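Fold and geometry: a report
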Amino acid sequence: MFNKIKLMRLTALFAVVSIFAACTKADDYKKYVAGGEISYPGKIDSVKISSGNNRVQLKALFLADPKVVLCKVFWNNFKDSLSIPVVKKNTVDSLTIFVPNVAEGLQSFTIYTYDKDGNRSIPVNKTGMSYGDRYKASLSNRGISLAQTGSDGVTKIDWLGMDRLTGVFATEVQYTNNSNQTVTIKVPIDATSTVLANFKTSSSMKYRTLFLPDTSCVDTFKTDFVDRYIPRYVEQDVTSTYLKNAGPFNRDTWDGSRWGTLADWISNAGAKNINSNRYGGYELRSGVGVLSFESGWGITTPVTNGLIYQTITLPAGTYSFRLNGIDQNSGGSRFISVAAGNTLPNVADITSASIAFANISDGKLDFTLTQQTTVSIGFAVSIANTGQYIKVGSVGLFKQVYL
């Protein structure tokens, strides 16, 4: 009996507590809705954030809620914000704004809309990238390997490559043309060379390189302009200054008919393969003296390591040794070469011991000396006695001069 009475008391106590708790919850609800039902303005929609230079661009849509009168963007842990008044004109209106003074790096943005009573929407959270001084410090101007106005009057720039991961996409060039007008061109990063049309010779250009760090970036980053003088290249004929007997060729001794040795050139034993008098290197051909290698047609001795050259001292510069009036067939080894020192390398050593070399059929040999150098320049030939020949009417030496 005692336990039954105790259970009834506990049941009554639980009922009182339950009623009190229910009343408390009801009172709490009244506290939150004391001013009326909560109103949430429509949130902003289709938000896209694009990167920029210490800023970002925000694009979004305001949908059908006419109550929206204000939009706020928060970033930097809600320490910074931007307010945008909203005056809706259409059912769906678009928003495009720049958010300024955004610290460099990946940033989080929270966006609310508000009605006239200050009620705000649920938040829209987005991230965006801002680029600043750290990124700018990593940028460099595109390099140039050569910029000159050639002897043909064409002004050309040869560009060096760049790391595409930097976001580089173009180089901007400004120059003055022959009408004293400023011309601006944009050179794609894929271009390896550029011709500056109608360039005012012996003047300067300036150039800078353009970057977009990512595909969404709305700001172009640029290096500082760099000035570059573009010289005019003139090809100067220095043949008579450095070479003797350059053609039509004169002889020293000869057989009184056709074959002889060249005056002012060094001809080794291998080049003197004509008859028992050991002539070679010179031939009177149709009344004109030519530089000659020949074997066959009664000349039984082949040309083996035949060298014909001159030794000269040239100042630093870029040169071109050129052959004119070439008449030859094929076979054997046929080189023109320039090498340091007082002798030309043997045919077998031409490729390894020359400053530069080329095949006679190329007709020219271009080379550069970084300092004054004594060089030997000329011909290295080995041909069989099967009717093989080489004839050269004249030679020339040209130097590149920049003005």
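Criteria and cut-off values
- The residue count restarts for each chain, going from 1 along the sequence in the order it is written.
- Confidence filtering applies because this is a predicted model: local features only for residues at pLDDT of at least 70, side-chain atom pairs given and counted only at 80 or more, and all residues used for totals across whole chains, interfaces and linings.
- Hydrogens are left out, water is left out, and the side-chain values use all remaining heavy atoms of the structure.
- Domain extents, as shown, originate in an automatic or database domain assignment.
- We call two residues in contact whenever any of their non-hydrogen atoms come within 4.5 Å of each other.
- Buried area is a sum: the accessible area each of two parts loses on coming together, probed at 1.4 Å, counted once for each and added.
- Between Lys or Arg on one side and Asp or Glu on the other, a salt bridge is scored when a side-chain nitrogen of the former is within 4 Å of a carboxyl oxygen of the latter.
- Any pair of nitrogen or oxygen atoms within 3.5 Å is treated as a polar contact; in protein, a donor-acceptor pairing is required on top of that, and neighbouring residues in sequence qualify only through side-chain atoms on both sides.
- Under the DSSP-based scheme used, a helix requires at least four consecutive residues in state H or I and a strand at least two consecutive residues in state E, with every element numbered from the N terminus.
- Note on residue classes: Ala, Val, Leu, Ile, Met, Phe, Trp, Tyr, Cys and Pro are nonpolar, Asp, Glu, Lys and Arg are charged, and everything else, Gly too, is polar.
- Here a Phe, Tyr or Trp ring, Trp counted by its six-membered ring, pairs with any other such ring whose centre lies within 6.5 Å, and the pair is stacked when the planes are under 30 degrees apart, edge-to-face when over 60, and tilted otherwise.
- Three labels apply to residues, based on accessible area from a 1.4 Å probe with only protein chains included: buried if under 20% of the type maximum, exposed if over 50%, partly exposed otherwise in between.
- Remark: a charge is flagged as sitting over a ring if the NZ atom of Lys or the CZ atom of Arg is within 6 Å of the ring centre and within 35 degrees of the ring normal.
- Two strands qualify as a pair provided that DSSP identifies no fewer than 2 bridges between them.
- Axis lines are fitted through C-alpha atoms, for helices just across the contact stretch, and the angle between N-to-C directions can take any value from 0 to 180 degrees.
- UniProt positions are given in the numbering used here, feature names are shortened, and annotations may be inferred rather than shown by experiment.

**A few points about the domain arrangement of the protein**
By the assigned domains, the protein splits into domain 1 (44–132), domain 2 (139–231) and domain 3 (240–402). Using C-alpha coordinates to define each centre, domain 1 is positioned 39 Å away from domain 2. Counting from both sides, the interface comprises 8 residues of domain 1 and, opposite them, 7 residues of domain 2. A combined buried area of about 660 Å² lies between domain 1 and domain 2, and 55% of that area is made up of carbon and sulfur atoms. Among the residues of domain 1 in contact with domain 2, Ser-51, Asn-53 and Tyr-131 are the three that bury the most area, contributing 59% of the side total. Its salt-bridge partner being Asp-219, residue Arg-55 comes within 2.7 Å of it at the nearest N-O pair. Connecting domain 1 to domain 2 are 5 residue pairs in polar contact (both at pLDDT 80 or more). Put simply, the parts of the chain that give the side of domain 1 that touches domain 2 at least two residues each are strand 1 (45–53) and strand 2 (55–62). When residues in the side of domain 1 that touches domain 2 are grouped by element, the largest group, 4 residues, is from strand 1. Of the residues assigned to the side of domain 1 that touches domain 2, the class counts are 2 nonpolar, 5 polar and 1 charged.

**Brief notes about the packing of aromatic side chains**
Counting across every chain of the model gives 17 aromatic pairs. Ring centres of Phe-74 and Phe-78 lie 5.1 Å apart, and the angle between their planes is 35°; this geometry places the pair in the tilted category. Since its relative accessible area comes to 13%, Phe-74 is described here as buried. Judged by its relative accessible area of 48%, Phe-78 falls in the partly exposed class. Ring geometry for Tyr-135 versus Phe-221: centroids 5.1 Å apart, planes at 80°, classification edge-to-face. Within this pair, whereas Tyr-135 is found in helix 2 (residues 133–137), its partner Phe-221 is found in strand 14 (residues 221–222), the two being separated by 86 residues in sequence. Side by side, Tyr-135 and Phe-221 carry an identical accessibility label, which is buried. An aromatic cluster is built from Phe-249, Trp-265, Phe-293, Phe-321 and Phe-379, whose rings are joined through pairwise contacts. For Arg-120, the ring lying beneath its charged end belongs to Tyr-112, and the centroid distance is 4.1 Å.

**Brief notes about the environment of Lys-136**
Here Lys-136 is to be found in helix 2. As a C-alpha pair, Lys-136 and Asn-53 span 83 residues in sequence and 9.5 Å in three-dimensional space. Those residues in contact with Lys-136 that lie beyond four places of it in its chain are Asn-53, Asn-54 and Phe-221.

**Focus: the pairing of strand 11 (residues 182–188)**
One ladder, built from 7 bridges, connects strand 10 (residues 168–176) with strand 11; its direction is antiparallel. Within strand 11, the residue paired with Thr-176 across the bridge is Thr-182. Connecting strand 10 to the antiparallel partner strand 11 that follows it, the hairpin turn spans 5 residues, and Asn-180 within it adopts a positive phi of roughly 60°.

**What about the sheet that holds strand 9 (residues 155–159)?**
One open sheet holds the 3 strands; their spatial order is 8-9-12, and the pairing between them is antiparallel. Looking along the sheet, the strands with just one partner apiece sit at the ends: strand 8 (144–149) and strand 12 (193–195). Put simply, the sheet's adjacent strands are angled 10° from each other on average, direction ignored. Judged from the 5 bridges that link them, strand 8 and strand 9 form a sheet pairing that is antiparallel. Note on strand 9: the bridge partner recorded for Leu-146 is Asp-158.

**Structural notes on the sheet that holds strand 3 (residues 70–75)**
Within a sheet, each strand pairs with its neighbour through backbone hydrogen bonds, oriented either parallel or antiparallel. What the 7 strands build is an open sheet, ordered 4-3-6-7-1-2-5; its pairing is mixed. In this open sheet, the two strands that pair with only one neighbour each are strand 4 (80–85) and strand 5 (93–100). Averaged over all adjacent pairs, the angle separating strand axes in this sheet is 20°, with direction ignored. Examined bridge by bridge, strand 3 and strand 6 (residues 105–114) share 5 bridges and lie antiparallel to one another. From the neighbouring strand, Cys-71 faces strand 6, where its bridge partner is Thr-113.

**A look at the UniProt feature "domain: DUF5013" (unreviewed entry) in the protein**
According to UniProt, the feature "domain: DUF5013" (unreviewed entry) maps to residues 246–378 in the numbering used here. The annotated region residues 246–378 carries 3% helix and 52% strand content, and the separation between its end C-alpha atoms amounts to 11 Å.

**Looking at the environment of Asn-273**
Mapped onto the fold, Asn-273 is located in the loop between strand 19 (266–267) and strand 20 (281–285). Relative accessible area serves as the criterion here: at 3%, Asn-273 is assigned to the buried category. As for Asn-273 and Ala-353, which are separated by 80 residues in sequence, their C-alpha atoms are 25 Å apart. For Asn-273, the contacting residues outside a window of four places in its chain are Arg-278, Tyr-279, Glu-294, Ser-295, Ile-299, Thr-301, Pro-302 and Val-303.

**Re the pattern of salt bridges**
Applying the stated rule across the entire model yields 16 salt bridges. One salt bridge in this structure joins Asp-45 and Lys-43, with 4.0 Å as the shortest N-O distance. On the basis of relative accessible area, Asp-45 is assigned to the partly exposed category, the value being 26%. Across the salt bridge formed by Asp-158 and Lys-156, the nearest N and O atoms sit 3.7 Å from each other. Residue Lys-156 is classed as partly exposed on the basis of its relative accessible area of 38%. Sharing partners across several salt bridges, the network here consists of Arg-258, Glu-283, Glu-294 and Lys-391.

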